[in-house]
Amino acid sequence: MCTVAYEPVDDPIGSVSQFMRTGKDRVRVAAVQTALTVDDVVIHPGDILVADDGAVVVPASRWDEVTDIARHIDRVEEAVVETVRAGATLRGARVKLGYRSLQPREDPSCTSA
C-alpha cells in the first residue's frame, strides 16, 4: 500500500455518479508516500480508509483498537435487538446493556475538522 498524490496538469478531474474520467495527460504524480490532506483531514501513508456513504481515516497504529471497539458495539447492538425481541422496551434494553456508554460524547484522542 502506498499513498500517491496527484495534481491536475490543466483541467480539473471531476466525477459523475460512480465513474471518473481518465486523468491521462491531465494529471501528474506530485508525491508518493507522503501525507496528504483531504477536506482538512490529514491522511498519512499506512493509514486505513473505510468508506461507504462517508469516510473515516484510521491511523494504522490504532486499527486493532478501533476494530475491537466496533466489534464490541456490534455485539451489544445485536444483544439490544434480541432483548427487545424477548419483550423488553428499546429504552430498557439499552439501559440494561449499557448502550449509551458505547458512544462517548468526546474522545480527546480523536480529531475532527
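Residues numbered from 1 in each chain as written. Predicted model: local features only at pLDDT ≥ 70, side-chain atom pairs only at ≥ 80, totals over all residues. Heavy atoms only, no water.

Remarks on helix α1 (residues 63–85)
For step 1, the next point in the chain: Over its 23 residues, α1 extends 33 Å from the first C-alpha to the last, a length consistent with the 33 Å expected when each residue adds 1.5 Å.
For step 2, the next point in the chain: Residues Thr67, Ile73, Val76, Val80 and Thr83 constitute the buried set of α1.
For step 3, the next point in the chain: Packing partners of the buried residues in α1 comprise α2 (90–97).
For step 4, the next point in the chain: With its phi angle positive at about 120°, glycine 87 sits one or two positions after the end of α1. (Helix = DSSP H or I, 4+ residues; strand = E, 2+ residues; numbered from the N terminus. Expected span 1.5 Å × (residues − 1). Buried < 20%, exposed > 50% of the residue type's maximum accessible area, 1.4 Å probe, protein only. Contact = heavy atoms within 4.5 Å.)

Quick notes on the packing of α1 against α2
For step 1, the next point in the chain: Interaxial distance between α1 and α2 falls to 9 Å at its minimum, and their mutual angle equals 135°. The angle between the axes of α1 and α2 places the two elements in the oblique class. The element α1 and its partner α2 pack so that their crossing is right-handed. Facing α1, whose interface residues are Val76, Ala79, Val80, Thr83 and Val84, α2 presents Leu90, Ala93, Arg94, Lys96 and Leu97. (Axes fitted to C-alpha atoms, helices over the stretch in contact; angles between N-to-C directions. Parallel < 35°, antiparallel > 145°, perpendicular 65-115°, else oblique. Left-handed = near helix turned anticlockwise from the far one by under 90°.)

All we've got here are geometric facts, nothing functional implied.
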